[in-house]
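Structural overview for review
Residues per chain are reported as follows:
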Amino acid sequence: PAVLEARGLTVRYGETTAVDSVDLAVAPGSRTAVMGPSGSGKSTLVHALAGVVRPAAGEIWFEDERLDALGEAERSRRRLARMGMVFQLGDLVPELTLVENVMLPLQVLGVRARQARERALEMLDALGVADLADRRTGAVSGGQVQRAAVARALVHDPAVVLADEPTGALDSLTAEQVLDTMVSVTTAAGAALVVVTHDHVVASHLDDLVVVRDGRVAERVVA
Ligand code: ADP
Ligand code: ADP
């Protein structure tokens, strides 16, 4: 019983087929690395799984619901409520402090500010950056920004966290530390984790492996 599943998923940009008839099931609580050459379709696959990119063909199932058949508004509601996303450069709002950034998903879901702040601080604490809560992104390091981005992705207890090169902009030691924390916090929350990465050290911290080549799943290793 997958929490998130692609069936015959195909995504095209004009003439380019970025994702080509992919079948992929993500088990609840699993930890998967998505690897493959640049331009092979990893990023597009993950964005399609999140319902951000519309498929040309195939189906995406998320928590027993067909995500691709929903309208734009419903899809983004499911994503905001039940998924977390982390990108290479954190993607935090620079005008807000770390804690304000982490509060955002909760506030979108209607949680009151005081309660949202409390929960956001707990998450920042779990990621080891609670003492930086009131700083803006420009006043902390890249690794600390990524920790806050992971806190934001997890603060609303999502079923799945999708990360696209989350440590790609970090030095290798920091990358490994952030990834380690990301894995342990995601596991503690019971969420499935899917991480696009070029980095074999990062991939070694995850259990399952999907290798993408030319838009297809070339290899699948399940622990
Ligand atoms: P990867 O993440 O493995 O580097 P991408 O999913 O970014 O691969 O890209 C897969 C293919 O789709 C590439 O040929 C890329 O140039 C193309 N592509 C990705 N995004 C777009 C886009 N927004 N518009 C047009 N082509 C795109
Ligand atoms: P990565 O290889 O790390 O996945 P890319 O540098 O391929 O990232 O892509 C970065 C961004 O540019 C993505 O949002 C992707 O959708 C977009 N993109 C990639 N290739 C193209 C393209 N050929 N045309 C337009 N946008 C693209």
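We now turn to the structure provided with this report. (Residues numbered from 1 in each chain as written. Chains lettered and ligands numbered in written order. Predicted model: local features only at pLDDT ≥ 70, side-chain atom pairs only at ≥ 80, totals over all residues. Heavy atoms only, no water.)

**Quick look at the site of ligand 1**
Surveying the vicinity of ligand 1 reveals the residues Y13, T16, A18, P37, S38, G39, S40, G41, K42, S43 and T44. Contact between ligand 1 and S40: an oxygen atom at 3.1 Å from a main-chain N or O atom of the residue. Those elements that provide at least two residues to the shell around ligand 1 are β2 (16-26) and α1 (42-49). When residues of the shell around ligand 1 are assigned to their parent elements, the largest contribution, three residues, is made by α1. Partitioning the shell around ligand 1 into residue classes produces three nonpolar, seven polar and one charged. (Near = heavy atom within 4 Å. Polar contact = N/O pair within 3.5 Å; in protein donor to acceptor, adjacent residues only side chain to side chain. Helix = DSSP H or I, 4+ residues; strand = E, 2+ residues; numbered from the N terminus. Nonpolar A, V, L, I, M, F, W, Y, C, P; charged D, E, K, R; others polar.)

**Comments concerning the side chain of S40**
By the element assignment, S40 lies in the loop between β3 (31-35) and α1. The buried category is assigned to S40, whose relative accessible area is 3%. Within the local environment of S40, its side chain forms a polar contact with the backbone oxygen of V212, the two atoms lying 3.5 Å apart. In this structure, S40 is in contact with A18, V212, R213, D214 and G215, ignoring residues within four places of it in sequence. (Buried < 20%, exposed > 50% of the residue type's maximum accessible area, 1.4 Å probe, protein only. Contact = heavy atoms within 4.5 Å.)

**Here's the deal with the sheet that holds strand β8 (residues 192-196)**
Spatially, the six strands line up as an open sheet ordered β6-β7-β8-β3-β9-β10, and their pairing is mixed. Every other strand in the sheet has two partners, leaving β6 (83-87) and β10 (216-221) as the edge strands with one partner each. Put simply, the sheet's adjacent strands are angled 15° from each other on average, direction ignored. Looking at chain direction, β6 and strand β7 (residues 160-164) are connected through five bridges and run parallel. Across the sheet, the residue bridging to M85 is L162, located in β7. On top of the sheet, helix α5 (residues 142-154) reaches β6 and β7; it is set at about 165° to β6, its chief contact. In the packing of helix α6 (residues 172-189) onto the sheet, contacts are made with β3, β6, β7 and β8, and the angle to β8 comes to roughly 155°. (Pairing = 2+ DSSP bridges. Axes fitted to C-alpha atoms, helices over the stretch in contact; angles between N-to-C directions.)

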